Amino acid sequence: ALNGKLKAIRRQLRDGYLATDSRPWIIGFSGGKDSTLLLHLVLEAIRNVAPEDRRRPVYVVSNNTQVESPVFQDFVDRLLERLEQSLEGLNVPVRVVRTKPLPEDSFWVNLLGKGYP
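So, a few notes on the structure that sits alongside this text. Since this is a predicted model, take the numbers as computed values, not measurements. (Residues numbered from 1 in each chain as written. Predicted model: local features only at pLDDT ≥ 70, side-chain atom pairs only at ≥ 80, totals over all residues. Heavy atoms only, no water.)

**A word on the overall build of the protein**
Helix and strand counts for the protein stand at four helices and three strands. Helices (α) and strands (β) of the protein occur, in sequence order from the N terminus, as α-β-α-β-α-β-α. Whereas a compact globule of 117 residues would reach a radius of gyration of roughly 13 Å, the protein reaches 17 Å, over 25% beyond that. With the C-alpha coordinates of the protein rotated into their principal frame, the extents come out at 50 × 35 × 25 Å. The buried share of the protein, reckoned over its 117 residues, is 24%. Considering only intrachain contacts with a sequence separation of at least 6, the fraction spanning at least 24 residues in the protein is 74%. A gap of 7 Å separates the mean positions of the 17 positive and 14 negative side-chain charges of the protein. (Helix = DSSP H or I, 4+ residues; strand = E, 2+ residues; numbered from the N terminus. Rg over C-alpha atoms; globule rule 2.2 N^0.38 Å. Buried < 20%, exposed > 50% of the residue type's maximum accessible area, 1.4 Å probe, protein only. Contact = heavy atoms within 4.5 Å. Lys, Arg positive; Asp, Glu negative; His and termini not counted. Charge placed at Lys NZ, Arg CZ, Asp CG, Glu CD.)

What follows is the structure in structure tokens.
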């Protein structure tokens, strides 16, 4: 049953990737189990598309909120570095984008500095 569901999800992702809509895909990546599985399935689907049809760009966006524990953030940073290294040889239009808030927009400045709940 699970294998059939995964096969259907892979097919839907592949079909969606090949759709005529040319807008890029943006995958929010936190390093948790849900975003990791989604990223894995998307990469798998793209790799099952002929190289000449891999035209839709995919951006893996990871936001360092500066709220996570340093140990977990280090884990996510290492994971993203390994992903970037792996992407080099896969011939897929996938790019990792890292973001973080400006200091004045950070959680801690808003909570402690401005008193926002």
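**A word on the sheet that holds strand β2 (residues 58-63)**
Pairing is parallel across the open sheet formed by three strands, whose spatial order is β1-β2-β3. Of all the strands in the sheet, just β1 (25-28) and β3 (94-99) have a single pairing partner and so form its edges. If you compare each strand with its neighbour and ignore which way they point, the axes differ by 25 degrees on average. For β2 and β3, the ladder comprises six bridges, and the chain directions are parallel. By the bridge assignment for β3, Val58 is matched with Val94. Where helix α2 (residues 33-47) meets the sheet, it contacts β1, β2 and β3, and its direction lies at approximately 150 degrees from that of β1. (Pairing = 2+ DSSP bridges. Axes fitted to C-alpha atoms, helices over the stretch in contact; angles between N-to-C directions.)

**Structural notes on the nonpolar core**
Among the nonpolar cores identified, the biggest contains 20 residues, and Leu39, Ile46, Val58, Val60, Leu83, Leu87 and Val94 are the most heavily contacted of them. Broken down by element, the residue count for this core peaks at six residues, all from α2. In contact with Val60, not counting residues within four places along its chain, are Ile27, Phe29, Leu39, Leu83, Val94, Arg95, Val96 and Val97. (Core = buried A, V, L, I, M, F, W, Y, C linked by side-chain atoms within 4.5 Å.)

**A few points about the packing of aromatic side chains**
Inspection of the entire model under this criterion finds two aromatic pairs. Look at Tyr17 and Trp25: their rings are 5.6 Å apart centre to centre, the planes differ by 80 degrees, and that puts the pair in the edge-to-face class. Arranged with centres 5.8 Å apart and planes meeting at 35 degrees, the rings of Phe72 and Phe75 form a pair that is tilted. Remark: Phe75 and Phe72 occur in helix α3 (residues 70-87); sequence separation between them is three residues, near one turn of the helix. Judged by relative accessible area, Phe72 falls into the partly exposed class, the value being 28%. (Phe/Tyr/Trp six-rings, centres within 6.5 Å; stacked < 30°, edge-to-face > 60°.)

Purely geometric numbers; function is a separate question.
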